[in-house]
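Chain by chain, the residues run as shown.
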Amino acid sequence: VSGILVCEAGCVLENLESFLDNEGFVMPLDLGAKGSCQIGGNVSTNAGGLRLVRYGSLHGNVLGLEAVLADGTMLDMLGTLRKDNTGYDLKHLFIGSEGSLGIVTKVSILTPPKLSAVNVAILACDDYVSCQKLLLEAKRKLGEVLSAFEFLDSQSMDLVLNYLEGVRNPLPPSLHNFYALIETTGSDESYDKEKLQAFLLASMENGLISDAVIAQDINQASSFWRIREGVPEALMRAGAVYKYDLSLPLERMYDLVEQMRMRLGDSAKVVGYGHMGDGNLHLNISASQYDDAQRSNPLYMNGLRCTVEVSVRSMVLAS
């Protein structure tokens, strides 16, 4: 009834989602790696994920936790009250601390009710500026039903279409420069769908999007999500990949991708996708093979990994 889940840190996120689904609730956290990641690690890294735009960060959803310090001391902060003004809220020190203060062993988390009306759409944009404006309009026009806003560039879509079996281009026949995946979640399916359709029509008339399609059933919706969540798998199949997970100002987020392409030239493929709702970019550098074997070579400092890491650090600091 309360929607408060208390579990051990080793629970796999996908298993928690399945359990809550049967109880009529949902996890406020959803990740592409939900089949293997554990809730204790999610809390320790303050994972954001696909639906942060709707439910916010774990700082707002974790009600309490239990942690063990380096000397074996157990801290019991496993409260289940949404409002607790009885003292210092120490749990926030452990959310995102990555185990540096202690190991999270149990978590209590607020879970929202499961809503029945879910709509998913994929939209095509000509440039990143249009993606930014589209996000702002989605927050204004879709407001209370907007539950996800993801973006990926044409390189990401190309990888998924070429390396994942059974994935089809949602907006054929050609590739577009950018794609946005929008999900709405509400209680009235017809109202929510009409609202989404009106938003897409207005966005088309205003030149923010060049094409769009709304999933007609749960299978098509799953295929749309397969495109977004399948990018990491496609990158792994394409060869060596260097991954960077970065939070940047929304207006400069894709600048990093473009600057990396200029620096690396033809030596690697640079792919950008992520969560526009919270300014989280997944920057991926795809190469034919890893050059880790060059570590013993004095010339390694001129290798791809060094170039990537130095470039990313300098650009992030400049932001």
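These figures come from a predicted structure and were not determined experimentally.

1. Structural notes on the packing of aromatic side chains
Move 1: In the structure shown here, the tally under the stated rule is five aromatic pairs.
Move 2: An angle of 25° between the planes, with centres 5.7 Å apart, marks the rings of Y128 and Y254 as stacked. With Y128 in helix α6 (residues 128-141) and Y254 in the loop between β9 (240-247) and α11 (255-264), this residue pair connects regions lying 126 residues apart in the sequence. Across the pair, Y254 and Y128 agree in class, each one buried.

2. Concerning the nonpolar core
Move 1: L123, L134, F199, L283 and I285 are the most contacted members of the largest nonpolar core, which totals 41 residues.
Move 2: Looking at this core, the elements with two or more residues in it are β5 (117-125), α6, β6 (146-153), β7 (178-186), α8 (189-205), β9, α11 and β11 (280-287).
Move 3: The dominant element in this core, judged by the number of residues it contributes, is α6, at five residues.
Move 4: Residue contacts for L123: discarding those within four places in its chain leaves L134, L171, F178, Y179, A180, I182, F199, L200, I209, D211 and A212.
Move 5: If you look at the next biggest cluster of nonpolar residues, it comprises 25 residues, including I122, L181, A215 and A234.

3. What about a nonpolar patch on the surface?
Move 1: A surface patch of nonpolar side chains, amounting to about 480 Å² of accessible area, comprises Y88, L90, L93 and L101.
Move 2: Structurally, L101 is set in the loop between α5 (91-94) and β4 (103-110).

4. Section: the pattern of salt bridges
Move 1: Going through the model one piece at a time under the given rule, you end up with 14 salt bridges.
Move 2: Measuring nitrogen to oxygen at the nearest pair gives 2.8 Å for the salt bridge that ties K91 to D89.
Move 3: Relative accessible area serves as the criterion here: at 8%, K91 is assigned to the buried category.
Move 4: Overall, D89 belongs to the partly exposed group, its relative accessible area being 42%.
Move 5: Residue R228 pairs with E150 through a salt bridge whose shortest N-O separation is 2.8 Å. With R228 in helix α9 (residues 218-229) and E150 in strand β6, this residue pair connects regions lying 78 residues apart in the sequence.

5. Points about the sheet that holds β5
Move 1: Spatial ordering of the open sheet is given by β8-β5-β7-β6-β10-β11-β9, a layout of seven strands whose pairing is antiparallel. On the outer flanks of this sheet lie β8 (211-214) and β9, each paired with one strand and no other. The average angle at which neighbouring strand axes cross in this sheet is 15°, direction not considered.
Move 2: In this structure, β5 lies alongside β8, joined through four bridges in antiparallel fashion. Residue pairing in the sheet places I122 in a bridge with V213 of β8.
Move 3: Most of the contacts of α6 go to β6, to which it runs at about 175°, and overall it touches β5, β6 and β7.

6. Things to note about the pairing of strand β10 (residues 269-275)
Move 1: Most of β10 sits out of view: six of its seven residues are buried.
Move 2: Pairing of β6 with β10, which is carried by three bridges, proceeds in the antiparallel orientation. By the bridge assignment for β10, F151 is matched with G274.
Move 3: Examined bridge by bridge, β10 and β11 share seven bridges and lie antiparallel to one another.

7. Some points on the sheet that holds strand β1 (residues 4-8)
Move 1: In space, the four strands of this open sheet follow the order β1-β4-β2-β3, with antiparallel pairing throughout. Looking at the sheet topology across the chains shown, the edges are occupied by β1 and β3 (74-77). When strand polarity is set aside, the average angle formed by the axes of neighbouring strands in this sheet is 15°.
Move 2: Looking at chain direction, strand β2 (residues 62-68) and β4 are connected through six bridges and run antiparallel. If you follow A67 over to β4, its bridge partner there is V104.

Quick notes on the rules
Residues numbered from 1 in each chain as written. Predicted model: local features only at pLDDT ≥ 70, side-chain atom pairs only at ≥ 80, totals over all residues. Heavy atoms only, no water. Phe/Tyr/Trp six-rings, centres within 6.5 Å; stacked < 30°, edge-to-face > 60°. Helix = DSSP H or I, 4+ residues; strand = E, 2+ residues; numbered from the N terminus. Buried < 20%, exposed > 50% of the residue type's maximum accessible area, 1.4 Å probe, protein only. Core = buried A, V, L, I, M, F, W, Y, C linked by side-chain atoms within 4.5 Å. Contact = heavy atoms within 4.5 Å. Patch = residues over 30% accessible without salt bridge, like charges linked within 9 Å, V, L, I, M, F, W, Y side chains within 5 Å. Areas by Shrake-Rupley, 256 points an atom, 1.4 Å probe, with all protein chains shown as cover. Salt bridge = Lys/Arg side-chain N within 4 Å of Asp/Glu carboxyl O. Pairing = 2+ DSSP bridges. Axes fitted to C-alpha atoms, helices over the stretch in contact; angles between N-to-C directions.

Honestly, that's just the spatial picture; any functional story needs more than this.
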